[in-house]
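# Survey of secondary and tertiary structure
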Amino acid sequence: QVQLVESGGGLVQTGGSLRLSCVLSGRAFSTYRMGWFRQAPGREREFVATITWSSGNTVYADSVKGRFTISRDNAKRTVYLQMNSLKSDDTAVYYCTQKTRTCGGYSQEGDYDYWGQGTQITVSS
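Notes on the structure in this doc start here. Only a predicted model underlies this, so the values are computations on that prediction, with no experimental measurement involved.

Turning to the pairing of strand S3 (residues 18-26), a few remarks are in order. Both faces of the sheet carry side chains from a regular strand, because those side chains alternate between them. The pairing of strand S1 (residues 2-7) with S3 spans six bridges and is classified as antiparallel. Within the sheet, the bridge partner assigned to valine 5 lies in S3 and is valine 23. Bridge count for S3 against strand S8 (residues 78-83) is six bridges, and the pairing is antiparallel. Across the sheet, the residue bridging to valine 23 is threonine 78, located in S8.

In structure tokens form, the structure reads like this:
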């Protein structure tokens, strides 16, 4: 089993920054990639960013490219999401997720195996 615990959410003004953390415990050796998704009220959960655990290759959604940075610290079993230049559209619950399979995609919910409980980000104007 794998457990994912996010932290770092909160309230921030437009243009501000936040950094989310996600600590991975349990069968972390089986991790192929980690990802961040978000879900705003009344909307479906959407892909934000992903990183491969071994090589650190990253992919971002167009909506966050240039503003968000995903990174990982393998020794700490932690993945981060640095969010800069935040906008009101970034308001959502942010979820950390883990994928164990090496096949398949990276931008759909079904591509991942384990999920954290989510952390709320609210961007106020």
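There's more to say after this.
This next bit is on the packing of aromatic side chains. Under the definition given, this model contains five aromatic pairs. Relative to phenylalanine 47, the ring of phenylalanine 37 has its centre 5.8 Å away and its plane inclined at 75°; by these criteria the two rings are edge-to-face. Linking phenylalanine 37 in strand S4 (residues 33-39) with phenylalanine 47 in strand S5 (residues 46-52), this pair joins segments that are ten residues apart in sequence. Taken individually, phenylalanine 37 and phenylalanine 47 each receive the classification buried, so the pair is uniform in this respect. Pairing tyrosine 112 with tryptophan 115 gives two aromatic rings, centres 6.3 Å apart and planes at 65°, and the pair type is edge-to-face. For tyrosine 112, a relative accessible area of 5% gives the class buried. Among the residues examined, tryptophan 115 registers a relative accessible area of 26% and is labelled partly exposed. Members of the aromatic cluster, each reached through a chain of ring pairs, are Phe37, Phe47, Tyr106, Tyr112 and Trp115.

Spatial strand order, S1-S3-S8-S7: four strands in an open sheet with antiparallel pairing. The open sheet terminates on both sides in strands that have one partner only, identified here as S1 and strand S7 (68-73). Neighbour-to-neighbour, the strand axes of the sheet open up by a mean angle of 15°, direction not taken into account.

Further remarks concern the environment of serine 17. Structurally, serine 17 can be placed in the loop between strand S2 (10-13) and S3. Remark: the alpha-carbon pair of serine 17 and glutamate 44, spanning 27 residues in sequence, is separated by 24 Å. Setting aside residues up to four positions removed in sequence, serine 17 forms contacts with Val12, Gln82, Met83, Asn84, Ser85 and Leu86. A distance of 2.9 Å separates the side chain of serine 17 from the side chain of asparagine 84, its partner in a polar contact.

Here we come to the nonpolar core. Met34, Trp36, Leu81, Met83 and Tyr94 are the most contacted members of the largest nonpolar core, which has 32 residues in total. Counting residues per element, the ones that place at least two in this core are S1, S3, S4, S5, S7, S8, strand S9 (92-99) and strand S11 (119-124).

Tallied over the entire structure, the rule returns six salt bridges. One salt bridge in this structure joins arginine 38 and aspartate 90, with 2.9 Å as the shortest N-O distance. One end of the pair, arginine 38, is in strand S4; the other, aspartate 90, is in the loop between S8 and S9, and 52 residues separate them in sequence. For aspartate 90, a relative accessible area of 1% corresponds to the buried category. A salt bridge links glutamate 109 to arginine 45; its shortest N-O distance comes to 3.9 Å. Of this pair, glutamate 109 sits in the loop between S9 and strand S10 (114-115) while arginine 45 sits in the loop between S4 and S5, and the two are 64 residues apart along the sequence. With relative accessibility at 37%, the residue glutamate 109 sits in the partly exposed group. A single network of salt bridges, built from pairs that share partners, joins Arg38, Glu46, Arg67 and Asp90.

Calculation notes
- Residues numbered from 1 in each chain as written.
- Predicted model: local features only at pLDDT ≥ 70, side-chain atom pairs only at ≥ 80, totals over all residues.
- Heavy atoms only, no water.
- Pairing = 2+ DSSP bridges.
- Helix = DSSP H or I, 4+ residues; strand = E, 2+ residues; numbered from the N terminus.
- Phe/Tyr/Trp six-rings, centres within 6.5 Å; stacked < 30°, edge-to-face > 60°.
- Buried < 20%, exposed > 50% of the residue type's maximum accessible area, 1.4 Å probe, protein only.
- Axes fitted to C-alpha atoms, helices over the stretch in contact; angles between N-to-C directions.
- Contact = heavy atoms within 4.5 Å.
- Polar contact = N/O pair within 3.5 Å; in protein donor to acceptor, adjacent residues only side chain to side chain.
- Core = buried A, V, L, I, M, F, W, Y, C linked by side-chain atoms within 4.5 Å.
- Salt bridge = Lys/Arg side-chain N within 4 Å of Asp/Glu carboxyl O.

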